[in-house]
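Residue-level listing of the chains:
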Amino acid sequence: MDIKKLSHIDEAGNAVMVNITDKLESMRQATAAGRIIMSSEALDMVLEGRARKGDVLGVARLAGIMAAKRTSDLIPLCHPLSLSGVTVNFTSNKEVSGIEVVACVKITGRTGVEMEALTAVSVACLTIYDMIKAIDRGAYIEELHVRHKSGGKSGEWYAPPDKL
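Residues numbered from 1 in each chain as written. Predicted model: local features only at pLDDT ≥ 70, side-chain atom pairs only at ≥ 80, totals over all residues. Heavy atoms only, no water.

### A word on the layout of surface pockets
Part 1 of the argument: In this structure, the largest pocket encloses a volume near 630 Å³.
Part 2 of the argument: If you go around the largest pocket, you meet 22 residues; those closest to its centre are Ser7, Lys23, Thr111, Gly112 and Glu114.
Part 3 of the argument: With 3 residues, the single largest contributor to the lining of the largest pocket is helix H4 (residues 114-132).
Part 4 of the argument: Split by residue class, the lining of the largest pocket holds 8 nonpolar, 8 polar and 6 charged. (1 Å grid on protein atoms, 1.4 Å probe; cavity = no way out; pocket = protein on both sides within 12 Å on 5 of 7 lines; lining within 4 Å. Points joined across faces, edges and corners; volume = space filled by probe spheres on them. Helix = DSSP H or I, 4+ residues; strand = E, 2+ residues; numbered from the N terminus. Nonpolar A, V, L, I, M, F, W, Y, C, P; charged D, E, K, R; others polar.)

### Some thoughts on a nonpolar patch on the surface
Part 1 of the argument: The grouping of Leu74, Ile75 and Met115 at the surface amounts to a nonpolar patch, some 240 Å² of accessible area in total.
Part 2 of the argument: Secondary-structure assignment places methionine 115 in helix H4.
Part 3 of the argument: Overall, the relative accessible area of 34% leaves methionine 115 in the partly exposed class. (Patch = residues over 30% accessible without salt bridge, like charges linked within 9 Å, V, L, I, M, F, W, Y side chains within 5 Å. Areas by Shrake-Rupley, 256 points an atom, 1.4 Å probe, with all protein chains shown as cover. Salt bridge = Lys/Arg side-chain N within 4 Å of Asp/Glu carboxyl O. Buried < 20%, exposed > 50% of the residue type's maximum accessible area, 1.4 Å probe, protein only.)

### A few points about the state of the cysteines
Part 1 of the argument: Applying the stated criterion across every chain, the model contains 0 disulfides.
Part 2 of the argument: Left unpaired, cysteine 78 is separated from the closest cysteine sulfur, that of cysteine 104, by 17 Å.
Part 3 of the argument: With no disulfide of its own, cysteine 125 lies 16 Å from the sulfur of cysteine 104, the closest cysteine sulfur. (Disulfide = S-S within 2.5 Å.)

### Digging into the nonpolar core
Part 1 of the argument: Membership of the largest hydrophobic core comes to 34 residues, with the highest contact counts inside it found for Met38, Phe90, Ile99, Ile128 and Ile132.
Part 2 of the argument: Of all elements in the fold, only strand E1 (26-37), helix H1 (40-47), helix H2 (56-69), strand E2 (85-93), strand E3 (98-109) and H4 reach the threshold of two or more residues within this core.
Part 3 of the argument: The element contributing the most residues to this core is H4, with 9 residues.
Part 4 of the argument: In this structure, isoleucine 128 is in contact with Ile36, Met38, Val56, Leu57, Ala60, Phe90, Ile99 and Val101, ignoring residues within four places of it in sequence. (Core = buried A, V, L, I, M, F, W, Y, C linked by side-chain atoms within 4.5 Å. Contact = heavy atoms within 4.5 Å.)

### Description of the side chain of threonine 71
Part 1 of the argument: Within the secondary structure layout, threonine 71 lies in helix H3 (residues 71-74).
Part 2 of the argument: With a relative accessible area of 1%, threonine 71 lands in the buried category.
Part 3 of the argument: When neighbours within four sequence positions are excluded, threonine 71 is seen to be in contact with Cys78, Met115, Glu116 and Thr119.

### Here's the deal with the environment of arginine 61
Part 1 of the argument: You can see arginine 61 is positioned in helix H2.
Part 2 of the argument: The exposure class assigned to arginine 61 is partly exposed, which follows from its relative accessible area of 31%.
Part 3 of the argument: Apart from the residues lying within four places of it in its own chain, the contact partners of arginine 61 are Val88, Asn89 and Phe90.

### Some points on H4
Part 1 of the argument: Under the 1.5 Å per step criterion, the end-to-end length of H4 is 27 Å for 19 residues, consistent within 8% with the ideal 27 Å.
Part 2 of the argument: Taken together, the buried positions of H4 are occupied by Glu116, Ala117, Leu118, Thr119, Ala120, Val121, Ala124, Cys125, Thr127, Ile128, Met131 and Ile132. (Expected span 1.5 Å × (residues − 1).)

### Focus on the side chain of histidine 79
Part 1 of the argument: Structurally, histidine 79 is set in the loop between H3 and E2.
Part 2 of the argument: A polar side-chain atom of histidine 79 sits 2.8 Å from the main-chain carbonyl oxygen of valine 18.
Part 3 of the argument: Those residues in contact with histidine 79, other than ones at most four positions away along the chain, are Met17, Val18, Ile20, Ser72, Thr111 and Glu116. (Polar contact = N/O pair within 3.5 Å; in protein donor to acceptor, adjacent residues only side chain to side chain.)

### Focus on the environment of glutamate 156
Part 1 of the argument: Positionally, glutamate 156 belongs in the loop between strand E4 (140-150) and strand E5 (157-158).
Part 2 of the argument: Owing to a relative accessible area of 48%, glutamate 156 belongs among the partly exposed residues under this scheme.
Part 3 of the argument: In the structure, glutamate 156 is positioned 127 residues away from glutamine 29 in sequence and 9.4 Å away in space, judged by C-alpha atoms.
Part 4 of the argument: Among the polar contacts listed, one links the side chain of glutamate 156 to the side chain of histidine 148, at a separation of 2.6 Å.
Part 5 of the argument: Of note is the side chain of glutamate 156, whose polar atom sits 2.9 Å from the side chain of tyrosine 158.

This is the structure in C-alpha cells:
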C-alpha cells in the first residue's frame with residue numbers, strides 16, 4: 001500500500017491531523033446510511049410507539065444529531081466543525097424486519113463531513129438497539145456506508161448503485 005495516498009499518515013508513517021489551513025471553503029455535504037435488523041416483535045413495538053423507554057425513533061434522531069456534532073471528540077484525527085445542518089431519517093422495512101437510518105450533514109468549510117454522517121447513523125442505530133434490547137438482544141447493525149459526498153477538491157462522489 002502506498003502510504004502517500006493516506007492523508008492521515010505522514011512520510012514517517014505517523015498518524016497526523018490533516019492541515020486544512022490552505023484549503024478553500026466550499027459547501028460540503030455527505031449522506032450516510034445503515035440499518036438495524038431486529039425481531040418483528042421489536043419492530044412492531046418501535047413503529048407502534050409501545051417501547052417502555054419512550055419514543056425510540058425520536059430519541060435516536062436526537063442522538064444521531066448530537067453525535068454528528070461531537071464526531072471530533074470520538075474520532076481522534078477529525079477536525080472540530082461547526083456544522084450548518086444535520087438530518088437523521090428512518091425508513092422501516094417489514095420484509096427484513098429492520099429500520100434504515102439515513103443521515104445528511106452539511107457545512108460550509110475546509111473539510112468534508114463524511115465522518116460526521118457516519119457517526120450520526122452509527123449512534124442512531126446504537127440508540128435504537130439500546131431502547132429495544134430488552135425485547136431483542138439479537139438485533140444487529142449492518143450496511144453502514146457513505147452514500148454520497150459533494151464539495152471540496154474531489155467534488156461529487158456516489159456509492160455504487162447497489163449501495164444507494
